[in-house]
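# An overview of the molecular structure
Take a look at the letters that make up each chain.
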Amino acid sequence: MSKTAAIYTLGCKVNQYESSAIADLFRRAGYQIVDFDQPADVYIINTCTVTHLGDRKSRQMIRRAAKQNPAAVIAVTGCYAQTSPGEVMEIPGVDLVVGTGDKSRIVQLVETHSREKGPVNAVADVMKSDCFEELPVPTEQGKSRAFLKIQEGCNSFCAYCIIPYARGPVRSRLPENVFRSAAELIEQGYKEVVLTGIHIGAYGQDFHGQNIDLGWLVERLAKMPGLTRLRLGSVEPHDINDALIEAVANNHNICRHLHIPLQSGDDEILARMKRRYNARRFLDLINRIYKTIEGVAITSDVIVGFPGETEVHFQNTLNTVAKAGFASIHVFKYSPRKGTPAASMTNQVSPEEKEDRSKRLIELGNRLAHEFARRQVGKDLEVLVEQPFEKDQSLFEGHTDTYLKVVFPGEEHLRGKLVTVHIEDVQGSLLKGRII
């Protein structure tokens with residue numbers, strides 16, 4: 001009877017990608033991957049530490065695994081494991097702690113523990129990491145869209161963010177390895193490949209003197225035979241240059257969707273956050289993109305209630321967001337993260353003010369999203385068919401290259417294929433149409 005392993009993932013797309021790769025490593029070692037709610041011989045919890053809530057949820061899932069099978073090996077990996085290995089080791093039932101590195105060795109570490117018994121702290125100093133850790137290309141990422149990790153680490157050290165301490169410095173994946181993995185995904189039949197990483201705009205910064213950056217990479221990926229769609233993950237504003245903008249504008253298979261975090265639209269708050277731009281530079285960049293890439297969708301992240309943010313600062317953010325005309329925004333209420341400079345700043349904003357500002361910004365974001373979606377009515381758009389629509393199983397859903405969700409009558413055999421949909425109506429930011 002084969003051994004079983006169960007994996008639970010918290011946090012970002014990078015964690016999801018790495019969990020899929022870890023699952024493949026266990027399969028190759030003869031394990032059967034089972035649902036996390038089932039009894040298993042090994043439980044792997046891939047943790048998040050972006051907020052204290054991520055830490056708490058990580059601890060809850062570790063305790064849940066220990067309760068499900070006290071005899072199982074419990075291995076904890078990811079960002080919370082990296083930043084707080086001592087805390088994790090103290091949780092009853094934990095057998096192995098692996099940080100954000102050495103994931104390629106996790107099966108070996110688990111099996112060594114099974115033989116030796118006794119808790120093992122295998123967390124290495126990620127700040128000394130100097131090369132990208134290769135993992136297998138995940139083979140089970142869904143039927144339509146696959147993620148491809150090209151980069152690890154971050155050198156920015158924004159005042160609110162723990163991730164540089166959890167993931168270490170920037171390490172870029174060798175271009176030949178990126179191309180090889182992309183070819184594997186194309187061969188597996190994926191129509192859309194999404195580039196992901198901790199700070200993908202920093203790609204190539206550690207390839208000193210080679211003139212390789214993200215624009216260079218995507219221009220070459222776009223030329224790969226059989227690559228139908230290439231989508232970029234989040235890119236920081238200071239990393240977007242003319243080469244990247246031109247690559248998106250000039251290659252029809254690069255999705256016309258850029259996610260560019262704003263975080264605040266006020267210069268004083270941006271400086272306190274240690275962001276490397278001001279509102280005017282951000283808007284100049286956005287306008288340059290709009291002028292160069294026809295029909296582009298720009299989405300963003302915004303934090304409300306950062307320490308010291310006044311109503312005047314917040315009004316500046318509202319004005320900047322309105323001028324940027326985003327296709328959608330993600331709004332986050334600032335949450336102090338122990339270990340970051342912002343956590344010890346004075347003038348913390350009250351929970352009530354954060355809640356009020358969050359609601360007002362979400363309302364503006366919803367209006368902007370509806371306006372962008374409304375402009376698509378009457379157009380014929382290419383849509384990647386993904387799955388049945390949750391609210392009406394007689395319909396299917398998919399996304400345009402601008403990452404708008406579309407629902408339409410369809411059939412199962414279309415899943416994973418690109419179809420042309422005539423857009424007939426819009427509800428909020430949801431488009432409705434029919435295949436033509």
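Look up a bit, the structure's there.
Let me sum up the structure you'll find in this document. Values in this document were obtained by computation on a predicted structure and should not be read as measured data. (Residues numbered from 1 in each chain as written. Predicted model: local features only at pLDDT ≥ 70, side-chain atom pairs only at ≥ 80, totals over all residues. Heavy atoms only, no water.)

Our next topic: the overall build of the chain. Within the chain one finds 13 helices and 18 strands. In terms of C-alpha radius of gyration, the chain reaches 22 Å, essentially the compact-globule figure of 22 Å for 436 residues. Overall, the chain is about 65 × 55 × 50 Å in size when its C-alpha atoms are taken along their principal axes. Counting the 436 residues in the chain, one finds 55% classified as buried. A fraction of 73% describes how many contacts in the chain between residues 6 or more apart in sequence connect residues 24 or more apart. Put simply, the chain shows about 19200 Å² of open surface, and 50% of that area lies on carbon and sulfur atoms. Positive and negative side-chain charges of the chain, numbering 54 and 54 respectively, have mean locations separated by a distance of 2 Å. (Helix = DSSP H or I, 4+ residues; strand = E, 2+ residues; numbered from the N terminus. Rg over C-alpha atoms; globule rule 2.2 N^0.38 Å. Buried < 20%, exposed > 50% of the residue type's maximum accessible area, 1.4 Å probe, protein only. Contact = heavy atoms within 4.5 Å. Areas by Shrake-Rupley, 256 points an atom, 1.4 Å probe, with all protein chains shown as cover. Lys, Arg positive; Asp, Glu negative; His and termini not counted. Charge placed at Lys NZ, Arg CZ, Asp CG, Glu CD.)

Right, let's talk about the sheet that holds strand 8 (residues 171–172) for a bit. The four strands are arranged 8-7-9-10 in an open sheet whose pairing can be described as mixed. Only two strands of the sheet have a single partner each, and these edge strands are strand 8 and strand 10 (229–232). With two bridges joining them, strand 7 (residues 145–152) and strand 8 adopt antiparallel strand pairing. Opposite Glu152, over in strand 8, you have Arg171 as the bridge partner. Relative to strand 7, helix 7 (residues 175–187) is tilted by about 170 degrees, and along the sheet it contacts strand 7 and strand 9 (192–197). (Pairing = 2+ DSSP bridges. Axes fitted to C-alpha atoms, helices over the stretch in contact; angles between N-to-C directions.)

Moving on, we come to the packing of aromatic side chains. Counted according to the given criterion, the structure contains 10 aromatic pairs. Centroid distance Phe157 to Tyr165: 5.3 Å. Interplanar angle 75 degrees. Geometry classified as edge-to-face. Residue classification places Phe157 among the partly exposed positions, given a relative accessible area of 31%. Looking at Tyr165, the relative accessible area reads 36%, which means it is partly exposed. Ring centres 6.4 Å apart and planes at 35 degrees place the aromatic pair Phe179 and Trp216 in the tilted group. Remark: Trp216 occurs in helix 8 (residues 214–221) and Phe179 occurs in helix 7; sequence separation between them is 37 residues. A relative accessible area of 22% places Phe179 in the partly exposed class. Put simply, the rings of Tyr8, Phe36 and Tyr43 touch in pairs and so form one group of aromatic residues. (Phe/Tyr/Trp six-rings, centres within 6.5 Å; stacked < 30°, edge-to-face > 60°.)

Purely geometric numbers; function is a separate question.
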